Amino acid sequence: MITCLSRDLRLLSAVVLNFDPHRQKSALYLQVMSVDLIRERYCELQHLSLLYSHVSSLLHYTSDTLRCMTEAWEDVLLTMDIKLAKYSTTLKEGASVADELLVLLACGRARSELRDFLLDELTAKGVKKIGLSLETSYTRVRKYSLNCLSSVIQALQFHLGEVLGMARWKERFGNLGISTDSLQVCIKSLGTFALKNQELQSVIDESLKSMKSFFMWIYVVILKLGEEPVPSNMKQHLNAEELKLVVHFLKKRLAKSAAGSSQSFNLELVGQYLVDEDLKIVEEKQPSFWERLLQEAELDSNAIPWLFSPSPVKSLLQLLNSLVRDVAAAFATTKETICQTFTPKPSVPLLPSTTGDSEVSKIDSKIGELVCEGKRCVYYPSARDLFLVVYGDETQQMRCCRACVRGVPGLADQEKSGTEPLNLLSVQVYNGETLSVLLEYRSSERDDVMFNAVAQLPVKPVLNLANEAFGELALEGYECHDVGRFLTQIHSLGPFHAVSMAVSGPRRLAAVFSRRTKKVRLFDVDAEEEEEEEEEEG
């Protein structure tokens with residue numbers, strides 16, 4: 001379906017493909033609808049559309065940011081998880097990897113099995129590589145979260161708040177169907193997404209600190225077990241803070257994962273926030289001051305518009321998808337409200353369709369409108385036919401003319417058969433009384449090469465050929481009138497391989513683009529052919 005809105009915003013014209021059950025075949029129809037709400041609330045709709053474009057682009061930016069975060073994240077810990085899981089199978093019943101490493105941390109001694117595992121499986125080089133890769137990966141993910149997501153959340157909060165203010169202004173925006181309840185849902189979804197982003201930043205910060213201390217400690221231990229020299233900057237003992245971080249890592253991260261997780265241990269926590277699945281590893285946290293206050297006051301945060309509730313088990317990507325759905329539902333009410341105000345006029349049959357939907361969009365030119373001598377006209381070009389429909393008033397019927405070009409006067413290189421209509425590549429409005437047409441025809445000199453020409457088609461003589469656009473005649477197809485004799489200001493382009501055209505009536509210019517868009521030809525429409533100025537860009 002292709003559409004066109006009139007310049008005064010009163011009428012919407014659309015070419016649609018409709019199936020006729022009685023004839024068991026499809027046909028192209030021109031459907032005209034009155035759109036008074038768009039005309040009456042044009043400024044309000046323009047403002048709302050601008051805000052929607054801002055919100056939509058910000059959501060696309062958020063989705064792209066999450067994709068970049070996923071690409072920046074590396075699963076190097078999964079290799080270490082596999083090695084630790086394999087080693088845990090060699091331990092006695094009741095023993096764990098965390099206990100083994102805690103004994104090593106407290107006493108400085110390791111069993112022979114643990115010593116062989118550290119030297120042969122993990123190795124100092126492997127531990128160093130994992131530590132550096134993790135620090136680089138987590139730093140990049142944190143940068144995206146802190147700099148990009150935090151900024152876009154603030155921008156979304158501002159624009160959604162502005163739309164909410166418009167929804168509360170019933171006198172001006174009430175007819176547009178903006179729902180305050182659905183916008184409140186969007187804002188709460190955005191708040192939940194913001195809280196999850198802060199949670200991800202906290203997880204990354206905690207992981208960076210604890211993993212850096214752990215990998216530094218285990219790296220020094222492996223060097224000592226292998227009787228290799230320890231770098232001078234790592235010879236000092238762990239301080240109290242670093243020791244606390246290592247113990248926390250051993251107790252929390254080397255604990256067995258819950259069922260359903262892809263890991264044997266809780267080593268990796270960041271990657272689960274970037275997939276469209278529930279979090280497999282959720283750390284228990286103490287309730288904050290505000291959460292305790294709500295519990296003591298027995299208040300439901302979901303009932304308070306500006307209190308955002310966290311979603312402990314949902315990932316960041318899941319919450320983004322939920323936000324996108326809520327925003328789409330909030331703005332869908334406006335679309336439904338506007339559609340309900342459309343008043344359809346009788347449809348105009350154009351021609352039976354033989355190629356389905358491709359008939360509607362076979363050429364680059366879309367349905368357009370012009371006013372000729374006070375008459376409102378809609379034109380629709382198909383592959384070889386040009387339909388001109390004249391609007392009728394309350395007492396007059398719509399009239400339609402089906403036109404084609406079987407020959408162009410003055411073109412010496414065109415084929416002289418005159419039986420097949422020329423191809424219409426593009427039709428544009430030059431002014432209120434003239435259409436510019438881009439034609440394609442077979443040359444009389446070379447049968448294997450198609451030539452192009454640009455010409456001007458006056459609308460007035462074509463409208464005199466229009467018939468009533470109803471009845472059996474319309475359903476079977478209109479008589480096709482050859483309008484080649486009306487063409488003026490014809491410019492031959494030769495074998496240019498043209499595909500589209502743009503014109504400017506006030507500047508009297510036309511631009512024709514080649515099929516691969518590597519060439520453009522500019523010329524003065526009113527000038528004689530030998531005075532044309534041609535510009536080509538490779």
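Located above this text is the structure these notes cover.
A quick note: this is a predicted structure, and the numbers were derived from the prediction, not measured. Sequence positions are assigned chain by chain, starting from 1 and proceeding in written order. Where totals are concerned, whole chains, interfaces and linings use all residues; where local detail is concerned, this predicted model gives features only for residues with pLDDT of at least 70, and gives and counts side-chain atom pairs only at 80 or more. Note that water and hydrogens are dropped before the side-chain values are worked out from all heavy atoms of the structure.

A.B. asks: Looking at this structure, I do not really get the sheet that holds strand 11 (residues 434-442). What am I missing?
C.D. replies: Hydrogen bonds along the backbone pair up the strands of a sheet, which may run parallel or antiparallel. Taken together, four strands build an open sheet; the order of strands is 10-11-12-15 and the sheet is antiparallel. Each edge of the open sheet carries a strand with a single partner, namely strand 10 (423-431) and strand 15 (488-494). Strand-to-strand twist of the sheet, defined as the mean angle between neighbouring strand axes without regard to direction, takes the value 20°. Where strand 11 meets strand 12 (residues 450-458), nine bridges bridge the pair, whose relative direction is antiparallel. The partner of Thr434 across the bridge, within strand 12, is Pro458. Here, any two strands with at least 2 DSSP bridges between them count as paired. Working definition: helices are DSSP H or I runs of at least four residues, strands are E runs of at least two. Numbering for both runs from the N terminus. With axes taken as lines fitted to C-alpha atoms, and helix axes fitted only over the stretch in contact, angles between N-to-C directions fall between 0 and 180 degrees.

A.B. asks: Could you clarify how one ought to interpret the environment of Ser112 in this entry?
C.D. replies: By the secondary structure assignment, Ser112 is in helix 5 (residues 112-122). What qualifies as a polar contact is a pair of N or O atoms within 3.5 Å, subject to a donor-acceptor requirement within protein and to the restriction that residues adjacent in sequence count only when both atoms come from side chains. Polar contacts involving the side chain of Ser112 include one to the side chain of Glu113, which spans 3.2 Å.

A.B. asks: Got a minute to help me understand the packing of helix 2 (residues 42-72) against helix 6 (residues 124-168) in this structure?
C.D. replies: Between two packed helices, the angle of one axis relative to the other and the distance separating the axes together describe the packing. At a minimum axis distance of 10 Å, the contact between helix 2 and helix 6 shows a crossing angle of 165°. The orientation of helix 2 with respect to helix 6, classified from their angle, is roughly antiparallel. The interaxial crossing formed by helix 2 with helix 6 has left-handed handedness. Classes in brief: Ala, Val, Leu, Ile, Met, Phe, Trp, Tyr, Cys and Pro nonpolar; Asp, Glu, Lys and Arg charged; the others, Gly included, polar. Here the residues of the contact of helix 2 with helix 6 are counted per class, giving 20 nonpolar, seven polar and two charged. We call two directions roughly parallel when the angle between them is under 35 degrees, roughly antiparallel when it is over 145, roughly perpendicular when it lies between 65 and 115, and oblique otherwise. For a crossing to be left-handed, the near helix must be turned anticlockwise from the far one by less than a right angle; the clockwise case is right-handed.

A.B. asks: So what exactly am I meant to see when it comes to the packing of aromatic side chains here?
C.D. replies: Remark: the centre distance and the inter-plane angle together describe each pair of aromatic rings, the angle taken between the planes. Pairing of aromatic rings covers Phe, Tyr and the six-membered ring of Trp, with a centre-to-centre limit of 6.5 Å; geometry is then stacked below 30 degrees between planes, edge-to-face above 60, and tilted otherwise. Summed over all chains, the structure comprises eight aromatic pairs. An angle of 50° between the planes, with centres 6.1 Å apart, marks the rings of Phe214 and Trp217 as tilted. Taken as a pair, Phe214 and Trp217 lie in helix 8 (residues 180-225) at a separation of three residues, close to a single helical turn. Residue exposure (1.4 Å probe, protein chains only): buried if accessible area is under 20% of the type maximum, exposed if over 50%, otherwise partly exposed. Judged by its relative accessible area of 2%, Phe214 is buried. An aromatic cluster is built from Phe214, Phe215, Trp217 and Phe249, whose rings are joined through pairwise contacts.

A.B. asks: I keep staring at the pairing of strand 6 (residues 368-372) and nothing clicks. Help me out?
C.D. replies: The side chains of a regular strand alternate, first on one face of the sheet and then on the other. Taken across its five residues, strand 6 has four buried, putting it largely inside the fold. Direction of pairing for strand 6 relative to strand 7 (residues 375-381): antiparallel, over a ladder of five bridges. Residue pairing in the sheet places Val371 in a bridge with Arg376 of strand 7.

A.B. asks: When you look at the pattern of salt bridges in this model, what are you seeing that I'm missing?
C.D. replies: Any two side chains of opposite charge can pair, given that their charged atoms come close. Within this document, salt bridges are pairs made up of a side-chain nitrogen of Lys or Arg and a carboxyl oxygen of Asp or Glu, the two lying within 4 Å of each other. For the coordinates displayed, the defined rule picks out 16 salt bridges. A salt bridge links Glu206 to Arg253, with the nearest nitrogen and oxygen atoms 2.8 Å apart. Of this pair, Glu206 sits in helix 8 while Arg253 sits in the loop between helix 9 (240-252) and helix 10 (289-297), and the two are 47 residues apart along the sequence. On the basis of relative accessibility, which here comes to 24%, the residue Glu206 falls in the partly exposed class. Asp278 is paired through a salt bridge with Lys314; the nearest N and O atoms lie 3.4 Å apart. Taken together, the positions of Asp278 in the loop between helix 9 and helix 10 and Lys314 in the loop between helix 10 and helix 11 (316-340) put the pair 36 residues apart, joining distant regions of the chain. One salt-bridge network, held together by shared partners, links Asp8, Arg10, Glu369 and Arg376.

None of the figures reported here should be taken as evidence of function without further support.
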